[in-house]
Amino acid sequence: MSVVPERRPGPVPLDGIRLRPATQGDLPSCGEIWRDGLNDYMGRLNLPEIPPELGPIGRLHRHLQATDPERFWVATRDAGPPGDDGTSGGADRPIAFASATRRDEVWFLSMLFVRPGDQGRGIGSALLRRIRPADSAALATGTDSAQPISNALYARHGMVPRMPLLSLSGRPDRQETLGELPSGITPVPFAAIAAGAPDGAGHRELSAAVDALDRESAGFTHPQDHRFLRAEGRTGFLYRGPDGAPVGYGYASEVGRVGPVAVRDEALLAPVVGHLLSAVEPRDASAVWVPGQADRTLIALLAAGMRLDGFPVLLCWSRPFADFGRYLPISPGLL
Ligand SMILES: CC(C)(COP(=O)(O)OP(=O)(O)OC[C@H]1O[C@@H](n2cnc3c(N)ncnc32)[C@H](O)[C@@H]1OP(=O)(O)O)[C@@H](O)C(=O)NCCC(=O)NCCS
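Residue numbers here run from 1 along each chain, matching the order of that chain's written sequence. Confidence filtering applies because this is a predicted model: local features only for residues at pLDDT of at least 70, side-chain atom pairs given and counted only at 80 or more, and all residues used for totals across whole chains, interfaces and linings.

So, about the domain arrangement of the protein. Its domain assignment divides the protein into domain 1 (17-136) and domain 2 (168-313). An automatic or database domain assignment supplies the start and end points of every domain. Relative to domain 2, the C-alpha centre of domain 1 lies at a distance of 31 Å. Two residues qualify as a contact pair if the distance between their C-beta atoms, derived from the backbone, is within 7 Å. Taken together, the contact pairs eight residues of domain 1 with eight residues of domain 2. Top element by residues in the side of domain 1 that touches domain 2 is helix α2 (residues 55-67). It accounts for three residues. Gly is placed with the polar residues, together with every amino acid not listed as nonpolar (Ala, Val, Leu, Ile, Met, Phe, Trp, Tyr, Cys and Pro) or charged (Asp, Glu, Lys and Arg). Class assignment of the residues belonging to the side of domain 1 that touches domain 2 gives a composition of two nonpolar, two polar and four charged. Put simply, DSSP marks the helices as runs of H or I at least four residues long and the strands as runs of E at least two long, and each gets a number from the N terminus on.

Below is the structure:
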């Protein structure tokens, strides 16, 4: 029997608030709501503020809205009578937004943010009910462990906090703790595979290998997110076993982001992360998201000198779908 209560249908009983699908034009406001929502509670915890630069979150929002437009909704104020100067007084400008992805049988709540002055009056809950799937998809999200409101709200929808997702950053000064890639395992840049066979055959081989690894470790495929990662400048590597068969993949980038990573054998995760940390020299520090289940990789990264950042994120789900001992997600906002 499902522990997830039935979705409550029908109109949303919120006076003066309208819910509608987001447009591209709403996305700058969504970036500001995201920053203001985080700064509001992080400030109260004496944590550093989110910098004003909204470029990366804006690009993520554009990706989410492009791949899942029916799951990206905003809340606005109903247009009242025009003001004395004839303007609508900010009506139809978003005051909250929610965005989710659907990848095979996994629905992932990527973002839910309400402007600080409008929180606690049912808007977040209404948006969540609006974009929640009606079928039996697994529901999942990542939530800040220091945020009881969202933790409670998501748990009530069946997305129970199950596993910490830890952010590590810095540069490893004792990389040997991660271990060498076993002999016979060869990293091959995605670009070499894509260019290695004529008429798009290299692309097709790579996509098939990545999809198979994702299905096995993450529990879903997400070619659209891989295209986004490459457009974001992440460099992918496919790891081949002695017989040439794919045994894992991973990404690194010059801005220092390592991940996502998927491996067939859990023991390969730490050496693959070790390889990625050195394969692309970052301009500054490296950063990687590690789920608690990937214990050996976490221990090895700490022993190598990487540092934990801030509070953990909590990965929440309604039913298990991934093996987080073999899959490092992209970020808390995009599995
Ligand atoms: C989290 C957030 C999206 C929720 O939206 P909201 O509009 O403020 O929330 P709602 O009023 O719709 O619902 C909150 C529910 O949680 C309940 N709640 C709040 N604190 C709780 C607690 N400590 N324990 C249990 N339930 C709690 C409220 O009672 C309410 O339930 P009710 O409607 O049945 O009374 C919003 O507060 C927000 O944007 N916060 C800052 C950014 C953030 O943390 N986003 C999530 C990132 S992980």
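Near the ligand you find 21 residues, and of these G37, Q119, G124, S125 and A152 are the closest. Counting residues per element, the ones that place at least two in the shell around the ligand are α1 (27-44), β4 (106-114), α3 (123-131), β5 (138-144) and α4 (148-156). Of all the elements, α4 adds the most residues to the shell around the ligand, at five residues. Residues of the shell around the ligand, tallied by class, amount to ten nonpolar, nine polar and two charged. Nearness here has a simple definition: the residue's C-beta atom, placed using the backbone, must lie within 6 Å of the molecule or strand.

The next subject is the packing of helix α8 (residues 269-279) against helix α9 (residues 295-303). Remark: α8 packs on α9, axes separated minimally by 8 Å, with the N-to-C direction vectors making an angle of 40°. Between α8 and α9, the crossing angle belongs to the class labelled oblique. The residues of α9 that touch α8, namely those facing L269, A270 and V273, are R296, T297 and A300. Class assignment of the residues belonging to the contact of α8 with α9 gives a composition of four nonpolar, one polar and one charged. Only the stretch in contact is used when a helix axis is fitted, and all axes are lines through C-alpha atoms; the angle between N-to-C directions ranges over 0 to 180 degrees. The labels follow the angle: roughly parallel below 35 degrees, roughly antiparallel above 145, roughly perpendicular from 65 to 115, and oblique for the rest.

The subject of this paragraph is the nonpolar core. We define the nonpolar core as any set of buried residues of the types Ala, Val, Leu, Ile, Met, Phe, Trp, Tyr and Cys, connected via C-beta atoms lying within 7 Å of each other. Exposed residues have 12 or fewer other C-beta atoms within 10 Å of their own C-beta, buried residues have 20 or more, and partly exposed residues fall in between, where C-beta atoms are placed from the backbone. Core analysis: the biggest nonpolar cluster contains 89 residues, and F97, L127 and V273 have the highest contact counts within it. Per-element accounting of this core gives the leading share, eight residues, to β4. Residue contributions to this core reach at least three from each of two domains, namely domain 1 (17-136) and domain 2 (168-313). Those residues in contact with V273 that lie beyond four places of it in its chain are L178, V258, V261, V288 and T297.

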